[in-house]
Amino acid sequence: MNTVTGPGVTAIPSERDAGLQAALRRIEQAGYGDNVYQAYARAAPILTSQAGSAIAADLASSISHVAIRGGRRAAALLPSAALEAARQLPDAALVARWLEVVETIARQAPDILTLLFEHTGRLLSSLDIASFTAFVRMGLNIGRDDAARRNAFFSLQSAEALRFLDRRVGNGFADLRPGLKPYLGALWNIHPPLVETPADAPEHLRRRTGFSGGAIRVPASFPGFTLEDAKMLYRAALAHVGAHHRFTRAKFPAAGLKPLQIALVSLVEDARVERLAIGMMPGLRRLWARFHVARPEGPPVAISLMARLSRALLDPDYADPHGWVEKGRMLFEEAVSTDGGDQQLSRRIGGLLGNDIGQMRLQFDAKTYVVQPAYRDDNLGIWDFGAEEQSPVELEAMVDGAVMRQEAGEDGRREESDDPGAAAGRLRPADEDDGVTVARYPEYDYATGQYRPEWCTVRELPARMGSAGAVAMLRDTRSDLVERLSALIRASRVSRQQRVRRQPEGEFLDMDASIAAMISRRAGEPPDTRVYGRYERRARDISVLLLIDVSRSTVDRVRGSSAGVLDVERLAASFLARAMDGLGDPFAVAAFCSNTREDVRYTRIKDFGQPFGDLALGRLAGLTGDLSTRLGPVIRHARNDLARQKSYRRLLLIVTDGEPSDVDVDDRRYLVEDARAAVHELRREGVDVFCVALDSDAESYAERIFGRRGSLHINSIDSLPEKLPALYLRLRG
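Residues numbered from 1 in each chain as written. Predicted model: local features only at pLDDT ≥ 70, side-chain atom pairs only at ≥ 80, totals over all residues. Heavy atoms only, no water.

A. Representation of the nonpolar core. Counting 96 residues, the largest nonpolar core has Y40, W98, F132 and L652 as its most contacted members. If we ignore the near neighbours within four places in the chain, the residues touching L652 are L545, L547, I635, A638, L642, L682, V687, D688, V689 and F690. Among the nonpolar cores identified, the runner-up in size contains 48 residues, and A463, V550, A621 and L724 belong to it. (Core = buried A, V, L, I, M, F, W, Y, C linked by side-chain atoms within 4.5 Å. Buried < 20%, exposed > 50% of the residue type's maximum accessible area, 1.4 Å probe, protein only. Contact = heavy atoms within 4.5 Å.)

Structure representation (structure tokens):
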């Protein structure tokens, strides 16, 4: 057998790689064209050395699949993509799995093969093979009926794709977020919302933290850092922003300054606030210093010298022979030793150093400049650009969007929270025209096992008022049932256990009572024999948020009854609310429905702290059934209200009649699994979630979402008092 050679083709010894020779002949004779043959012939020997001859032979088979279904151009790109996969993936078995995914795509969506091969390096540098498979599944699922959207995803142009990549680098903000806000609060006693930078934001905003408008914008990830380094990097970034909050008292006017001067004044100001912060908390120097990696070497270009100066102003042990760096350090040390609290020293020193850079004729490109090291913010928050610059305006709009704007009033909307961190996770402002408030939440895709970030938009709509007759009916009907519910709830003991002392018998020895008894005995007095104690729950300490499904299906009749589902829901909500209101338990009531993921509607009937009077009854009476049931984002939205309650137990009670569904979802399981994931999220945070399912159709999915212990089924309002004890018994457990 002859050795195969050609332009750019590395020889394959025929004695050792007869299989490859056969594969080459097969590709050559298949009629895919010279480009495909040459691409494979060039790649096969290299792939053999990297992953083995079996993978090289498998590649020939994959080329045939791709050529037949995706065309010659895609087939010609596959060999080089396979080489990239072999370089990125640690062993041959993973390369084989990558080829399997490629063949799957060739069968299901051959039109995106070219895009996938062009971005193989970017994808596999961020994703392991499991995440790569999930990425492909998500893209195919998202673009099932929308080719343009699918192309945007696989060309890495869509926000979903970029955010997926950012989160899979292994150091994502989403994973580290739970610990960062308490860290910032403990360090600086400030609680601004932490907002992830949108994936489609300009590159310079995506790479660094920023602050403005009362919130802190945080990158989704810091690529290139290990998980441990990323954790420390996020902490360092927030500690630095906190130092600005404490010590940068006023914004610097940017008028008349050049970009280089702005960058250098910012650099000195960064060093100044860090020096003051280290004076309060010396450990911060070690936290920040680990990210200063500049060395006194390399060409003296402006950006390099600025990184070296940054290190010199923080690290007293760092030595740098460059005169400009040494001058900057001398000026800084002299100024801070006199008055480090003088913010204008940054302006003076930065201006002088900027002039020196100009005299040295060193080039500075503001468009490509990124603040170093990575934990420092983009410094846009410390400058007043007036109306001259667009970037600060862009930043302002982005960060202001992190604060939910709410209004007080009788229209069902809430007052703005006093909790400065209450708006965290709420990303878009209300539409001023219709007074609707908007929030965005992720949605769980069971097919990929991943969350689709910021997938659903929740709108808060003002409630409509019902008729006076309907209000009177909800207020006065079945007082006997309300009394029974009140007695039931009053008898429940949902609270922390309390130690009850001085008992004649019990679970532990009451030491104080025992000592008193011993003293009495030695004094010759009859001792009190109640020397034991026990644990009891003596009161209720629970907050309840009642969510009512008002989707289109609730206008149907309850089977075997002339009453509508919504009527039963209203009555159940009214009875429960009247009972809890009479007992003084904190509770809130809201209703929900949806019209695609972009319009999940949430209507507040009564908030925590408001009375359940005629106004709330009127809103309850005014509910009408319409649209669909997208449950997951509603559960996540309700979580924000419950999270602010300080009760021992927090309960989300959902009254619904139908399986989660929406007009933009064909897969019936999809929204069920997302709702199930949302329930798990709340339970992990210590929130109890129960479902009262009306009518029998709800049983099958309710147990899937809420679990057998988390769902109750009723088909008559009269059965509510019989079923409710089970719920409270489970809470006590």
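Still to come is the rest of the account.
B. Layout of a nonpolar patch on the surface. Among the surface-exposed residues, L509, M511, I515, I519 and Y532 lie close enough to one another that they form a single nonpolar patch of about 490 Å² accessible area. The element contributing the most residues to the nonpolar patch is helix 22 (residues 511–522), with 3 residues. Locating Y532 in the fold gives a position in strand 11 (residues 532–536). (Patch = residues over 30% accessible without salt bridge, like charges linked within 9 Å, V, L, I, M, F, W, Y side chains within 5 Å. Areas by Shrake-Rupley, 256 points an atom, 1.4 Å probe, with all protein chains shown as cover. Salt bridge = Lys/Arg side-chain N within 4 Å of Asp/Glu carboxyl O. Helix = DSSP H or I, 4+ residues; strand = E, 2+ residues; numbered from the N terminus.)

C. A look at the sheet that holds strand 3 (residues 215–218). Across the sheet, 3 strands lie side by side as 1-3-2; this open sheet has mixed pairing. Each having just a single partner strand, strand 1 (194–196) and strand 2 (210–212) make up the two edges of the open sheet. Between one strand axis and the next, the sheet turns by 30 degrees as a mean value, whatever way the strands run. The pairing of strand 2 with strand 3 spans 3 bridges and is classified as antiparallel. Within the sheet, the bridge partner assigned to F211 lies in strand 3 and is I216. Most of the contacts of helix 11 (residues 173–188) go to strand 1, to which it runs at about 160 degrees, and overall it touches strand 1 and strand 3. (Pairing = 2+ DSSP bridges. Axes fitted to C-alpha atoms, helices over the stretch in contact; angles between N-to-C directions.)

D. Here's a closer look at the sheet that holds strand 9 (residues 498–503). Reading across from one edge, 9-11-10 is the order of the 3 strands in this open sheet, with antiparallel pairing throughout. The open sheet terminates on both sides in strands that have one partner only, identified here as strand 9 and strand 10 (508–509). In this structure, strand 10 lies alongside strand 11, joined through 2 bridges in antiparallel fashion. Across the sheet, the residue bridging to F508 is G533, located in strand 11.

E. Fine view of the pairing of strand 11. Examined bridge by bridge, strand 9 and strand 11 share 4 bridges and lie antiparallel to one another. Of the residues in strand 11, the one forming a bridge with Q498 is E536.

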